[in-house]
Amino acid sequence: MAMADADDHGMIKRSVEELRQTFKSYKTRSIDWRKAQLRSILRFLSENEDTLFQLLESELGKHPVESYRDEIGVVKKSVDHALSCIDQWVSPKKGRLPLLFFPASGKVLPEPLGVVLIIGSWNFPLTVTLDPLIGAISAGNTVVLKPSELVPKCSSFLAKMLPVYLDSKAIKVIEGGREVTTQLLEYKWDKIFFTGSRNVAKIVLSAAAKHLTPVTLELGGKCPAIFDSLPNSDMKHLESHIGYNWTISPLRIYGVPKVAIKRIIGGKWGPCSGQACIGIDYLLVEQKFASSLIEQLKKTIKRFYGDDVRNLKNLAKIVNRTHFDRLRNLLEDPAVANCIVYGGSIDEANLIIEPTILLDPPLDAEIMNEEIFGPLLPIITLDNIKESIEFINSKPKPLAVYAFTKNENFKKQILAETSSGSVTFNDTMVQFVCDDLPFGGVGQSGFGRYHGKYSFDTFSHEKAVLERSFYFELEPRHPPWNNFKLEFLRLAYDFNYVGLVLHLLGLKRA
């Protein structure tokens, strides 16, 4: 269902009421229904792949390879994973009970929350909209999807085509801008799942609080990457056994595999030209390695994207004029402009900003205090790479920390002394597509998690179920009280059933 009129409260009200009636009918609790909807998502993606490629290229400048890697392929993988696991997910899980209630059985039964609202983001208009939907459907909910209005073609296509494939009485797509989002937030939901900026998240959270609605917030922040040196012994081992190529002096002494350079570039400019919440925001490196690192970045950037801003290839564009002007203003700050060591050119007509590297911009500049969300990479130099931990901790908790290092002690220190949604060693972004790893933030980078079973859990309530028999009762539970009952209760909480019997018989436990 697409909404043409942002002020049409009646349409939203009727939609929410229909979803509640559908949920009350228990239709969505059927495992067969859930599986059928998931298979329909696969059909939607397969049958409309070329159209989706065109839409993503038109609105975001994404190459079809990038679109499949980051959007269509990711969602297909998530659906396949859910279909293969859903029978296990919905099965009750046994729970151990205290001896005091013998004989009894306990289990945890997952049940759907009800009617949920999913608010998507523009930078990955398929992934961040459909991936949560997979979890909501798997858990048996009815759903309102609100795609981002900043990618109107993608939003319109989802609103037009998803009802063709999915049960329109249980899953609805509502289009619109800020006014529609405001209207949607006025209603009571059983769960709100939001992906976007911190400023909007505060509005979502405030609205949800009025109804005590649980919320998952997938936000972002300034995700750092730490670039450590590799010891000489590791360099020789890798060079002889893996065949990495090595850079010129001084990094030859320590060894920097070109694959690390590729992965850094992929984590900064690869995902939607840096417009990604889990993309690298800034890079930390020891001062003595900075120049060689920058030279390697330059060479690989030119090979990946070219060096003419008017003819860049494989690089997504900035989503709209507002975001373009914001990024240009970051670059035009005089204190920041003097720090550009590569790039900096812009193509205003096509909303393109060249991959740009900045060396040691002022730490009080806006670019170092706000999430960049674009193709600008500040490199901050340190006297010792272990200072990176203190630097990261001086800022709000990020959604992800990336660290390129072979030092196992340093890895342990990063894990123990920093807090973030995730930590990835020696790569970037890949944690997002791993269904068996939870994805989510901490602190200002968000809260709640999803992907795979974690998505199912996010949209489920785990109901505790305990069942007892009428044929046996431990009288020490009930008055009148005496010392024997006190001692019995002490033993009942200290021992399991077998241990208690042995104790009462005067025997020792094995």
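Since the model is a prediction, treat every value here as computed from it, not as a measurement.

Asks: Is there a simple way to explain the overall build of the protein chain in this structure?
Replies: From N to C terminus, the protein chain includes 19 helices and 18 strands. Expressed as a percentage of the 510 residues in the protein chain, the buried residues total 53%. For the protein chain, restricting intrachain contacts to residue pairs at least 6 apart in sequence, the fraction spanning at least 24 positions comes to 69%. Total accessible area on the protein chain stands at roughly 23,400 Å², and carbon and sulfur atoms take up 53% of it.

Asks: How do you make sense of the packing of aromatic side chains when you look at a structure like this?
Replies: Within a pair of aromatic rings, the relevant descriptors are the distance that separates the centres and the angle that separates the planes. Inspection of every chain in the model, using the stated rule, returns eleven aromatic pairs. Taking the centre distance of 4.9 Å and the plane angle of 90° together, the rings of Phe432 and Phe439 count as edge-to-face. Take Phe432: its relative accessible area is 13%, and that puts it in the buried class. Between the NZ or CZ atom of Lys411 and the centre of the ring of Phe425, over which it lies, the distance is 5.6 Å.

Asks: I would appreciate a short explanation of helix α11 (residues 258-268) in the present structure.
Replies: Two residues of an α-helix separated by three or four positions point the same way, owing to the 3.6 residues in each turn. The set of residues buried in α11 consists of Ala260, Ile261, Ile264, Ile265, Gly267 and Lys268. Axial view of α11: buried residues confined to an arc of 165°, hence all on one face. Summarising the contacts, the buried residues of α11 are in contact with β8 (224-227), β9 (282-286), α12 (287-305), β14 (376-382) and β15 (400-404).

Asks: What is the right way to look at the environment of Lys146 in this model?
Replies: By the element assignment, Lys146 lies in strand β4 (residues 142-146). Along the sequence, Lys146 and Val173 sit 27 residues apart, while their C-alpha atoms lie 6.0 Å from each other. In this structure Lys146 touches Leu117, Ile118, Ile119, Gly120, Ile174, Gly176, Gly177, Val180, Thr181 and Leu184, once residues within four positions along its chain are discounted. For Lys146, the side chain forms a polar contact with the side chain of Glu149, separated by 3.2 Å.

Asks: Sorry if this is basic, but what is going on with the sheet that holds strand β5 (residues 171-173) here?
Replies: Through backbone hydrogen bonds, the strands of a sheet pair up, either in parallel or in antiparallel fashion. Strands sit in the order β5-β4-β3-β6-β7-β17 across an open sheet of six strands; the sheet is mixed. The open sheet has two free edges, formed respectively by β5 and β17 (446-447), since each of these has just one partner strand. As paired elements, strand β6 (residues 191-195) and strand β7 (residues 215-218) share four bridges and run parallel to each other. By the bridge assignment, Phe194 is partnered in β7 with Leu217.

Asks: Please clarify how the pattern of salt bridges should be interpreted in this entry.
Replies: Pairing is possible between side chains that carry opposite charge, provided their charged atoms lie close to one another. Throughout the structure, instances matching the rule amount to 25 salt bridges. Note that Glu111 and Lys463 form a salt bridge whose closest N and O atoms lie 2.9 Å from each other. Of this pair, Glu111 sits in strand β2 (residues 104-112) while Lys463 sits in strand β18 (residues 460-468), and the two are 352 residues apart along the sequence. The exposure class of Lys463 is partly exposed, given its relative accessible area of 32%. Linking Asp308 and Arg310 is a salt bridge whose minimum nitrogen-to-oxygen distance equals 3.3 Å. Given a relative accessible area of 29%, Asp308 falls into the partly exposed group. Classification of Arg310 as exposed rests on a relative accessible area of 69%. Connected through salt bridges with shared partners, the residues Arg321, Asp325, Arg328 and Glu348 form a single ionic network.

Asks: Explanation requested: the UniProt feature "active site" (unreviewed entry) in the protein chain in the structure shown.
Replies: Cross-referencing UniProt, the feature "active site" (unreviewed entry) maps to Glu218 and Cys277 in the present numbering. Spanning 60 residues, the named residues nonetheless gather at one spot, since no C-alpha pair among them exceeds 8.7 Å. For Glu218, the location among the structural elements is in strand β7. Given the relative accessible area of 3%, Glu218 is considered buried. For Cys277, the position within the fold is in the loop between α11 and β9.

About the cut-offs
- Residues numbered from 1 in each chain as written.
- Predicted model: local features only at pLDDT ≥ 70, side-chain atom pairs only at ≥ 80, totals over all residues.
- Heavy atoms only, no water.
- Helix = DSSP H or I, 4+ residues; strand = E, 2+ residues; numbered from the N terminus.
- Buried < 20%, exposed > 50% of the residue type's maximum accessible area, 1.4 Å probe, protein only.
- Contact = heavy atoms within 4.5 Å.
- Areas by Shrake-Rupley, 256 points an atom, 1.4 Å probe, with all protein chains shown as cover.
- Phe/Tyr/Trp six-rings, centres within 6.5 Å; stacked < 30°, edge-to-face > 60°.
- Lys NZ or Arg CZ within 6 Å of the ring centre and 35° of its normal.
- Arc of directions from axis to C-beta.
- Polar contact = N/O pair within 3.5 Å; in protein donor to acceptor, adjacent residues only side chain to side chain.
- Pairing = 2+ DSSP bridges.
- Salt bridge = Lys/Arg side-chain N within 4 Å of Asp/Glu carboxyl O.
- UniProt positions renumbered as here; feature names shortened; annotations may be inferred.

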